[in-house]
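The residues making up each chain are set out below.
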Amino acid sequence: MTHEIAVIPGDGIGSEVIPAAIEVLEALEVDFEFTEAEAGDHLLEAGREPLPEATEALAAEADATLFGAAGETAADVIIPLRAAVDSFVNVRPARTYPGVDAVKSETDLVFLRENTEGVYAGHEDDLSENLSTLTRVVTDEAAERLAEYACEYAPEGFTIAHKANVMRKTDGRFRDAVARVAEENDVETDEVLIDALAMHLVLRPEEYDVIVTPNLAGDVLSDLAAGLVGGLGLLPSANVGPERALFEPVHGSAPDIAGEGIANPSATILSAAMLLDYLAEPEAAERVRTAVEATLEAGPRTPDLGGEGTTEDVTRAILSRL
Ligand code: ATP
Ligand code: MG
């Protein structure tokens, strides 16, 4: 079966790391049809829409999308693209690798972040000259869909992060809905308050495995975890919907190093491995991960990991280890 993949490199290092990931995918014995589309600052600068309708439509129809990064226009690009695949969960694994310096070694976490509502649902108002408000939205439906995904992802159990002791109605609803679905599926859960979790993650991240969180908390805590494991150049992510999904590195367009050919392609290549898992190609996914891990351990490494290798050097090394 041929997998139809939308490819959206975007801005900055997006256009350097996406080709690296495509090279890796093309080296596998899996059939793909790649269709490239444009998005990002460079379109706005040329007087066009940062997210052309054709790009959005492509993501909405492809089996999966591989996205690089957008700069200033990120919110105009990635939020509608995530919506185009109806993605209700943002999957963010953060783990350490042999050979890569980390604040906390032996960290291996996955955040399953609610991806549609909470405080990011966008109901903000200016009520008067000196008063602004934000309405937080939490529905059973979104929490249940997230919980069902979590039960499949982590049948051995997961942690529910919330702040239901203060936000009794919204986080209370979130916690109750997730716990209820877990119980119906015979999946064990434990609970942790978000503020306490932030401290635990710094002191003893090895005690956690899969963490289910509301939207904002997942955003913040997964970046904290990125810091723990050695930086943005390593972190992949998936935005999963009922029928499609979009894969992207956690990092942005990195304008400070764009054009220099030294961006670490690992995050994007690991995002491509998540895409392979999603397309039910687990063996190919494992080959990619193994090749990335071996390269992180033995080198070459890009400057963000203390090396002197280029994006090209690292990509060649990964390809040769496939
Ligand atoms: P954006 O607004 O697009 O998010 P940014 O300035 O926030 O841009 P990020 O891409 O979020 O930049 O990166 C933050 C820092 O991490 C930058 O210093 C960047 O160079 C570095 N960085 C991010 N991704 C990579 C990567 N793949 N390889 C090397 N360094 C990276
Ligand atoms: Mg950024």
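- Per an unreviewed UniProt entry, the protein is named 3-isopropylmalate dehydrogenase, and its organism is Halodesulfurarchaeum formicicum.
- Under the Sequence similarities (unreviewed entry) heading, UniProt states for the protein: "Belongs to the isocitrate and isopropylmalate dehydrogenases family."

**Some points on the domain arrangement of the protein**
Note: interface size is frequently given as the accessible area lost on complex formation between the parts.
For step 1, the next point in the chain: Looking at the protein, the domain boundaries give domain 1 (1-94 + 231-321) and domain 2 (102-229).
For step 2, the next point in the chain: Between domain 1 and domain 2, the C-alpha centre-to-centre distance is 25 Å.
For step 3, the next point in the chain: At the junction of the two partners, domain 1 supplies 18 residues and domain 2 supplies 20 residues.
For step 4, the next point in the chain: Among the residues domain 1 hides against domain 2, the three largest losses belong to Phe 88, Arg 92 and Ala 94. Together they make up 44% of the total.
For step 5, the next point in the chain: Across the contact surface, domain 1 and domain 2 share 2 salt bridges.
For step 6, the next point in the chain: Asp 86 serves as the salt-bridge partner of Arg 145, at 3.5 Å between the closest nitrogen and oxygen.
For step 7, the next point in the chain: The interface formed by domain 1 and domain 2 includes 10 residue pairs in polar contact (both at pLDDT 80 or more).
For step 8, the next point in the chain: Counting only elements with at least two residues in the side of domain 1 that touches domain 2, the list comes to strand E4 (89-95) and strand E11 (236-240).
For step 9, the next point in the chain: Ranked by residues supplied to the side of domain 1 that touches domain 2, first place goes to E4 with 6 residues.
For step 10, the next point in the chain: Its residues assigned to classes, the side of domain 1 that touches domain 2 shows 11 nonpolar, 4 polar and 3 charged.

**Some details on the pairing of strand E7 (residues 131-137)**
Residues in a regular strand point their side chains to alternate faces of the sheet.
For step 1, the next point in the chain: In terms of strand pairing, strand E6 (residues 118-128) meets E7 through 6 bridges, oriented antiparallel. The residue of E7 that forms the bridge with Glu 124 is Leu 134.
For step 2, the next point in the chain: Counting the residues between successive antiparallel strands, the hairpin from E6 to E7 contains 2 residues.

**Details of the packing of helix H7 (residues 194-203) against helix H8 (residues 215-229)**
Two numbers describe a pair of packed helices, the interaxial angle and the distance between the axes.
For step 1, the next point in the chain: Running from N to C, H7 and H8 cross one another at 10 degrees; their axes reach a closest spacing of 10 Å. When the axis of H7 is compared with that of H8, the two are roughly parallel. On the side of H7, the interface is formed by Ile 194, Leu 197, Ala 198, Leu 201 and Val 202, while H8 contributes Ala 217, Leu 221, Leu 224 and Leu 228.
For step 2, the next point in the chain: Tallied by class, the residues present in the contact of H7 with H8 amount to 9 nonpolar, no polar and no charged.

**What to know about the pattern of salt bridges**
For side chains bearing opposite charge, pairing can occur when the charged atoms are close.
For step 1, the next point in the chain: Summed over all chains, the structure comprises 17 salt bridges.
For step 2, the next point in the chain: Taking the shortest distance from any N to any O, the salt bridge between Glu 23 and Arg 316 comes out at 3.2 Å. You can see Glu 23 sitting in helix H1 (residues 14-26) and its partner Arg 316 sitting in helix H11 (residues 311-321), a full 293 residues away along the chain.
For step 3, the next point in the chain: In this structure, Glu 29 engages Arg 287 in a salt bridge whose closest nitrogen and oxygen atoms are separated by 4.0 Å. In this pair, Glu 29 sits in the loop between H1 and strand E2 (32-36) while Arg 287 sits in helix H10 (residues 282-298), placing the two residues 258 residues apart along the sequence.
For step 4, the next point in the chain: A relative accessible area of 72% means that Glu 29 is categorised as exposed.
For step 5, the next point in the chain: A single network of salt bridges, built from pairs that share partners, joins Glu 23, Glu 312 and Arg 316.

**Regarding the pairing of strand E10 (residues 210-213)**
For step 1, the next point in the chain: By the alternation rule, side chains of E10 split into Val 210 and Val 212 and Ile 211 and Thr 213, which are all buried.
For step 2, the next point in the chain: By the bridge criterion, 4 bridges tie strand E5 (residues 108-114) to E10 in an arrangement that is parallel. Pairing of Phe 111 across the sheet is with Ile 211, part of E10.
For step 3, the next point in the chain: Inspection of the sheet shows strand E8 (residues 158-162) paired to E10 by 2 bridges, in the parallel sense. Bridge pairing in E10 links Ile 160 to Val 212.

**Here's the deal with the site of ligand 1**
For step 1, the next point in the chain: Inspection of the region around ligand 1 gives 15 residues, with Gly 252, Ser 253, Ala 254, Asp 256 and Asn 264 positioned closest.
For step 2, the next point in the chain: Backbone polar atom of Ala 254 to an oxygen atom of ligand 1: 3.0 Å apart, as the coordinates give it.
For step 3, the next point in the chain: In this structure, an oxygen atom belonging to ligand 1 sits 2.7 Å away from a side-chain N or O atom of Asp 256.
For step 4, the next point in the chain: Summarising the interface, the protein chains cover 66% of the accessible area of ligand 1, which totals 600 Å² for the free molecule.

**Side note on the layout of surface pockets**
For step 1, the next point in the chain: Counted as a void, the largest pocket has a volume near 590 Å³.
For step 2, the next point in the chain: Ile 78, Ile 79, Arg 82, Arg 113 and Glu 248 are the residues nearest the centre of the largest pocket, which is lined by 28 residues in total.
For step 3, the next point in the chain: If one sorts the elements of the lining of the largest pocket by residue count, helix H4 (residues 74-84) sits on top with 6 residues.
For step 4, the next point in the chain: Here the lining of the largest pocket is composed, by residue class, of 12 nonpolar, 9 polar and 7 charged.

**Some thoughts on the sheet that holds strand E9 (residues 189-193)**
For step 1, the next point in the chain: The strand order across the open sheet formed by 10 strands is E2-E1-E3-E12-E11-E4-E5-E10-E8-E9, and the pairing between neighbours is mixed. At either margin of the open sheet sits one strand with a lone partner, and together these are E2 and E9. Ignoring strand direction, the axes of neighbouring strands in this sheet form an average angle of 25 degrees.
For step 2, the next point in the chain: Relative to E9, H7 is tilted by about 95 degrees, and along the sheet it contacts E5, E8, E9 and E10.

Thresholds, definitions, all that
Residues numbered from 1 in each chain as written. Chains lettered and ligands numbered in written order. Predicted model: local features only at pLDDT ≥ 70, side-chain atom pairs only at ≥ 80, totals over all residues. Heavy atoms only, no water. UniProt positions renumbered as here; feature names shortened; annotations may be inferred. Domains from an automatic or database assignment. Contact = heavy atoms within 4.5 Å. Buried area = accessible area lost by both parts, 1.4 Å probe. Salt bridge = Lys/Arg side-chain N within 4 Å of Asp/Glu carboxyl O. Polar contact = N/O pair within 3.5 Å; in protein donor to acceptor, adjacent residues only side chain to side chain. Helix = DSSP H or I, 4+ residues; strand = E, 2+ residues; numbered from the N terminus. Nonpolar A, V, L, I, M, F, W, Y, C, P; charged D, E, K, R; others polar. Pairing = 2+ DSSP bridges. Axes fitted to C-alpha atoms, helices over the stretch in contact; angles between N-to-C directions. Parallel < 35°, antiparallel > 145°, perpendicular 65-115°, else oblique. Buried < 20%, exposed > 50% of the residue type's maximum accessible area, 1.4 Å probe, protein only. Near = heavy atom within 4 Å. Areas by Shrake-Rupley, 256 points an atom, 1.4 Å probe, with all protein chains shown as cover. 1 Å grid on protein atoms, 1.4 Å probe; cavity = no way out; pocket = protein on both sides within 12 Å on 5 of 7 lines; lining within 4 Å. Points joined across faces, edges and corners; volume = space filled by probe spheres on them.

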